[in-house]
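Structure at a glance
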Amino acid sequence: MSGGFNVDGSALRTYAKNGVEAAAGRVDAIRARTHQLALTQQTFGKLPQSDELKADYDTQRKESRDDLEDAVDTLYAIVDALRESADAYHTTEKKISGDLGGGA
């Protein structure tokens, strides 16, 4: 018990792995699939604006990839924070138990 509530470290670790880490994997798979959607210049035809459309598409594709990479990095940071929180709660509980003369 810490501050009047119990923290289940294994639940935090399970959520980190099965919830957040799994979500990071799904987002990364989406990033990989969408990044493969490269279009050639011919796709945009021969209209006067086709060069601008192609350039805009390439910019949007790169920015989407970068955004998804950032999302994956953020999700993995959350996974690390959840695991660190679980470890910190466990360490605190052991210390309090030891200080009170209980077993580890």
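Presented here is a report on the structure given in the accompanying data block. It should be emphasised that the depicted structure is a prediction, and the values quoted were computed from it without experimental measurement. (Residues numbered from 1 in each chain as written. Predicted model: local features only at pLDDT ≥ 70, side-chain atom pairs only at ≥ 80, totals over all residues. Heavy atoms only, no water.)

1. Concerning the overall build of the protein
Where we set the bar: Note on conventions: DSSP H or I runs of at least 4 residues are helices, E runs of at least 2 residues are strands, and numbering of each starts at the N terminus. Radius of gyration: C-alpha atoms only; globule rule: 2.2 Å multiplied by the number of residues to the exponent 0.38. The rule is simple: take the accessible area with a 1.4 Å probe, protein chains only, and divide by the maximum for that residue type; under 20% is buried, over 50% is exposed, in between is partly exposed. Residues count as neighbours in contact if any of their non-hydrogen atoms are within 4.5 Å of one another. The accessible surface values rely on the Shrake-Rupley method and a 1.4 Å probe; as for residues, cover is taken only from the protein chains in view. Counting rule for charge: Lys and Arg are taken as positive, Asp and Glu as negative, and neither His nor the chain ends is counted. Taken as the charge centre is NZ of Lys, CZ of Arg, CG of Asp or CD of Glu, depending on the residue.
A tally of helices and strands in the protein yields two helices and zero strands. Its C-alpha atoms give the protein a radius of gyration of 23 Å, more than 25% over the compact-globule value 13 Å for 104 residues. Principal axes of the C-alpha set define a box for the protein whose edges measure 80 × 20 × 15 Å. In the protein, which comprises 104 residues, the share counted as buried stands at 15%. For the protein, the proportion of contacts with a sequence separation of at least 24, taken over those separated by at least 6, is 73%. Summed over all atoms, the accessible surface of the protein reaches about 7,400 Å², with 55% contributed by carbon and sulfur. If you average the places of the 13 positive and of the 18 negative side-chain charges in the protein, the two averages end up 6 Å apart.

2. With respect to the pattern of salt bridges
Test applied: Salt bridges are defined by distance alone: a side-chain nitrogen of Lys or Arg within 4 Å of a carboxyl oxygen of Asp or Glu.
This model, assessed by the stated rule, comprises seven salt bridges. With its nearest N and O atoms 2.9 Å apart, the salt bridge here joins Lys54 to Asp58. Here Lys54 and its partner Asp58 are both found in helix 2 (residues 50-99), four residues apart, which amounts to about one turn of the helix. Judged by its relative accessible area of 28%, Asp58 is partly exposed. Among the charged side chains, a salt-bridge network with shared partners connects Lys62, Arg65, Asp66 and Glu69.

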